[in-house]
Amino acid sequence: MKSNCPRGVYVHVPFCLSKCAYCDFYSCPGSETDKERYIVALVKEIALRGELHAGHAETLFFGGGTPSCLSTEQIATVLSECGRYFPLSPNAEVSMEVNPGTLSGLDLSGLHALGVNRLSIGLQASQDRLLTLLGRSHNLAMFNETFREARQAGFDNISADVIYGLPGQSLTDYAESLHHLIDSAVDHVSCYSLQVEPETPLWHPVMAGEIELPDDDEVVAMYELGRDTLRAAGYEQYELSNFARPGKECRHNLKYWRNEQYLGLGPAAAGFVSGRRYVNVADTEEYIRLLDQSSLPVGSCEMLSGKAHRAETAMLALRLLREGIDRDAYRRRYGHDPLVEYADPIKEWTEAGMIESDGTRVVLTDLGALWANRVQASFLVSP
Ligand code: SF4
């Protein structure tokens, strides 16, 4: 295996049935022809990047967009082409994001037989009125049906997403969404706080005061409700926004938080390999045009090295609430002691009760998790 081979592969599928009101990911509606042209270009990118960075992959993640709007045959093509350059390790995790109501071309049993072994299903909320407000193209019944079909097809590792801090969402609503997932025995839950990003459909009515968001105290109460409810049900909060039953952590996303190498493929996909972070062009036509010329479809690229890279690693590691900054791993990787390098912020936040260290690792406390952005930022600027 080449030393610069990434052991995680991310594939961005840039198509969605329609645009959700809060979404600022790159995605657009796609015809069957658009999807075919995208797959042809993606195969070319796999080959180009494969020539540079071939090696075994431990994780492969289809994200989007809506990967489940592709057909089983198209997924099979991508898996087979990836396998030529990035053969999957025997116990590899192969994940796919799935939106309820988008599985018309996809056969879940066929997908499982291809080696996809983890699904991430977007629920967001269990109240149909909130799903409508978010512009989701499904209701609760469709989520339930997709979940049932996935279990029947043999998926024993299923994650679901929920969002809190929604307009008109009460604590009771949020508790109901969480309990719906717990009662469904989902294996992993991602809980995100609503971020209203500029130029998304939700942005203008919120800015104009036509839609009111919960205040900060309510959002914190929802975060704490999610944390306490899921913990009590046996899910560990292994990352700020992610909860898993034992052994069901998302191994692909762990690579991001550990600042490890991964390859990004597809329009708008980001990758980090050989010390370089790149982002592909967020334009499917341009992506196809560049690959037609046998050019890598890169939109931007930056070299990460030295202290800046180490600080980023420390900052990301704080998201991992059990693992935190692992002193020995950091020393082996960089030849520096994080307890020395970040002595000032560690002292400041320990005194404030936001982080704790037993000498082997530095982790956020429950209080620190509420202020994670501030704590993390201080590691980035630490001299
Ligand atoms: S399904 Fe996901 S990627 Fe597509 S518009 Fe909705 S939030 Fe965005």
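Residues numbered from 1 in each chain as written. Predicted model: local features only at pLDDT ≥ 70, side-chain atom pairs only at ≥ 80, totals over all residues.

**Side note on unusual backbone geometry**
Between glycine 64 and the following residue, glycine 65, the backbone shows a cis peptide bond with an omega angle of 25°. By the secondary structure assignment, glycine 65 is in the loop between strand S2 (57-64) and helix H2 (72-85). Not every positive phi belongs to a glycine, and asparagine 259 is a case in point at roughly 55°. Its location among the elements puts asparagine 259 in the loop between helix H9 (251-257) and strand S9 (263-265). We classify asparagine 259 as partly exposed; it has 18 C-beta atoms within 10 Å. Even without being glycine, serine 294 reaches a positive phi, approximately 60°. By the element assignment, serine 294 lies in the loop between helix H10 (284-292) and strand S12 (298-303). A residue is classified by how many C-beta atoms lie within 10 Å of it, and serine 294, with 9 of them, is exposed. (Helix = DSSP H or I, 4+ residues; strand = E, 2+ residues; numbered from the N terminus. Buried ≥ 20, exposed ≤ 12 C-beta atoms within 10 Å, placed from the backbone.)

**Overview of the pairing of strand S7 (residues 236-239)**
Where S7 lies against strand S8 (residues 242-244), three bridges are found, and the strand directions are antiparallel. Residue pairing in the sheet places glutamate 236 in a bridge with alanine 244 of S8. (Pairing = 2+ DSSP bridges.)

**Quick word on helix H6 (residues 171-183)**
For an α-helix the count is 3.6 residues per turn, leaving residues at separations of three or four pointing the same way. In a regular helix each residue adds 1.5 Å, so 13 residues correspond to 18 Å; H6 covers 18 Å between its end C-alpha atoms and thus fits that length. For H6, the secondary structure elements touched by its buried residues are strand S4 (118-124), strand S5 (158-164), strand S6 (188-193) and helix H8 (216-232). Looking one or two residues past H6, alanine 185 carries a phi angle of roughly 60°, positive in sign. (Expected span 1.5 Å × (residues − 1). Contact = placed C-beta atoms within 7 Å.)

**Focus: the domain arrangement of the protein**
Segmentation of the protein into domains returns domain 1 (8-257) and domain 2 (325-380). A C-alpha centroid distance of 30 Å is found between domain 1 and domain 2. (Domains from an automatic or database assignment.)

**Here we look at the site of the ligand**
Lining the immediate environment of the ligand, one finds Cys16, Lys19, Cys20, Cys23, Phe25, Ser27, Gly64, Gly65, Thr66 and Asn99. Taken together, the residues that form the shell around the ligand break down as four nonpolar, five polar and one charged. (Near = placed C-beta within 6 Å. Nonpolar A, V, L, I, M, F, W, Y, C, P; charged D, E, K, R; others polar.)

**Details of helix H5 (residues 140-152)**
Across its 13 residues, H5 extends 18 Å between first and last C-alpha, which sits within 8% of the 18 Å expected from 1.5 Å per residue. Residues of H5 that are buried in the fold lie against strand S3 (88-98), helix H3 (108-114), S4 and S5. Of the residues one or two after H5, glycine 154 is the one with positive phi, at around 110°.

**Structural notes on the sheet that holds S12**
As summarised here, the arrangement of the three strands in space is S10-S11-S12, forming an open sheet in which the pairing is antiparallel. Strand pairing shows two members of the sheet lacking a second neighbour, strand S10 (270-273) and S12, which therefore form its edges. Within the sheet, the average angular offset between the axes of one strand and its neighbour, ignoring direction, is 20°. Pairing between S10 and strand S11 (residues 276-280): four bridges, direction antiparallel. (Axes fitted to C-alpha atoms, helices over the stretch in contact; angles between N-to-C directions.)

**So, the pairing of strand S1 (residues 8-13)**
Successive residues of a regular strand alternate their side chains across the two faces of the sheet. The buried fraction of S1 is high, at six of six residues. What you see with S1 is no split at all: Gly8, Tyr10 and His12 on one side and Val9, Val11 and Val13 on the other are buried throughout. Bridge count between S1 and S2: six bridges; the pairing is parallel. Each bridged residue has a counterpart across the sheet, and for valine 9 the counterpart in S2 is leucine 60. Taken together, S1, helix H1 (residues 32-53) and S2 form a β-α-β motif whose crossover is right-handed. (Right-handed = clockwise from strand over helix to strand, strands pointing away.)

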